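Chain and residue survey
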Amino acid sequence: MNNLTNFIKGSFVMSKGDIEQGFLDSEQEQGEGSAMSLPSKINISSPIVREWINARKATIRPIGTFFNTKNFQVPPSAGRLSKRMLKNVEYFQSNYVIVFLVLFIYCLITSPLLLIVLGMAGGACYFISIKNQSQKISIGGHEISLAGQYSLVLLCCIPLFLLAGAGGVVFWVLGASLFCISMHAAFYNYDALDVPEDQVPLTGEIVEEV
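Description of the structure in this document. Please read these numbers as outputs of a predicted model, since none were measured by experiment.

This next bit is on the side chain of R56. One can find R56 in helix α2 (residues 47-58). Within the buried set, R56 has no salt-bridge partner at all; the shortest N-O distance to an opposite charge, 9.2 Å, is to E51. Filtering out sequence-adjacent residues up to four positions away, R56 remains in contact with Q93, S94 and V97.

The structure is reproduced here in structure tokens:
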């Protein structure tokens, strides 16, 4: 009888230990799963945009090289002009993006009314995002998605943007950027740069003639 009692107690202790170990294993798996799922959620958020921004940061050329006046020369022929422009756009593309952003910021600074409209649109979108965290917005019993609410704000702001002269600002920024980038790409002598990618290694044997 005592042996039977000890066997039952031992079985109960083992089963209890197994249950506790099972709970610990499940909690550990959940913790690992959440830790593994967190980076995947972060990486999913606009990976293309993040990769594009990192590529632009990595290929920004120094200001001294970009504005080196010694390298500005008139192209000798039309063929060299087209080749030079293609090479310069490929090599200085990150700098050209910065030129576009600088001109865009300049237009915003010199257009206070446009800044006010942008601030109103941004404030409305921020209010909508905060409001949707607590409860969904519905009109007439129909729930409106967050994308639909942003689209509604954009539609309401279009007349204000037109009154603020956003169309003229966009055309001015595009025209000024195209002019500045074209002039730099056309007159900057790409051949004066020491680019390692363009250097073709010499192969073969050198034969000395007697």
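Under the defined criterion, the tally for this structure stands at one salt bridge. Among the ionic pairs, R80 bridges to D191, the shortest N-O distance being 2.4 Å. Placement of R80 in helix α4 (residues 78-91) and of D191 in the segment after α8 (166-187) is noted, with a sequence separation of 111 residues between them.

Right, let's get into the nonpolar core. Counting residues in hydrophobic clusters, the biggest one holds 13 residues, and the most contacted among them are L114, C157, F161 and V169. Listing elements by their share of this core, those giving two or more residues are α5 (93-109), α6 (112-134), α7 (146-163) and α8. Discounting residues that sit within four places of it in the chain, V169 has contacts with C107, S111 and L114. F92, Y96, I181 and Y190 belong to the second largest nonpolar core, which has 10 residues in total.

On the surface, a cluster of nonpolar side chains totalling about 630 Å² of accessible area is made up of F100, L101, F104, I105, I109, V170 and L174. Contributions of two or more residues to the nonpolar patch are made by α5 and α8. Its place among the elements puts V170 in helix α8. Judged by relative accessible area, V170 falls into the partly exposed class, the value being 44%.

Aromatic ring pairs are reported here in terms of the distance separating the ring centres and the angle at which the planes meet. For the structure shown, the criterion picks out nine aromatic pairs. Centroid distance F66 to F92: 5.4 Å. Interplanar angle 70 degrees. Geometry classified as edge-to-face. Here F92 lies in the loop between α4 and α5 and F66 lies in helix α3 (residues 63-66), a separation of 26 residues in the sequence. On the accessibility criterion, F92 (0% relative accessible area) is buried. Taken together, a centroid distance of 5.9 Å and an interplanar angle of 65 degrees make the contact between F66 and Y96 edge-to-face. With F66 in helix α3 and Y96 in helix α5, this pair connects stretches of sequence that are 30 residues apart. Judged by relative accessible area, F66 falls into the buried class, the value being 5%. Here Y96 falls in the buried class, since its relative accessible area comes to 5%. Aromatic rings pair up to connect F66, F67, F72, Y91, F92, Y96, Y188 and Y190 into one cluster. Between the NZ or CZ atom of R61 and the centre of the ring of Y91, over which it lies, the distance is 3.9 Å.

The rules behind the values
- Residues numbered from 1 in each chain as written.
- Predicted model: local features only at pLDDT ≥ 70, side-chain atom pairs only at ≥ 80, totals over all residues.
- Heavy atoms only, no water.
- Helix = DSSP H or I, 4+ residues; strand = E, 2+ residues; numbered from the N terminus.
- Buried < 20%, exposed > 50% of the residue type's maximum accessible area, 1.4 Å probe, protein only.
- Lys, Arg positive; Asp, Glu negative; His and termini not counted.
- Salt bridge = Lys/Arg side-chain N within 4 Å of Asp/Glu carboxyl O.
- Contact = heavy atoms within 4.5 Å.
- Core = buried A, V, L, I, M, F, W, Y, C linked by side-chain atoms within 4.5 Å.
- Patch = residues over 30% accessible without salt bridge, like charges linked within 9 Å, V, L, I, M, F, W, Y side chains within 5 Å.
- Areas by Shrake-Rupley, 256 points an atom, 1.4 Å probe, with all protein chains shown as cover.
- Phe/Tyr/Trp six-rings, centres within 6.5 Å; stacked < 30°, edge-to-face > 60°.
- Lys NZ or Arg CZ within 6 Å of the ring centre and 35° of its normal.

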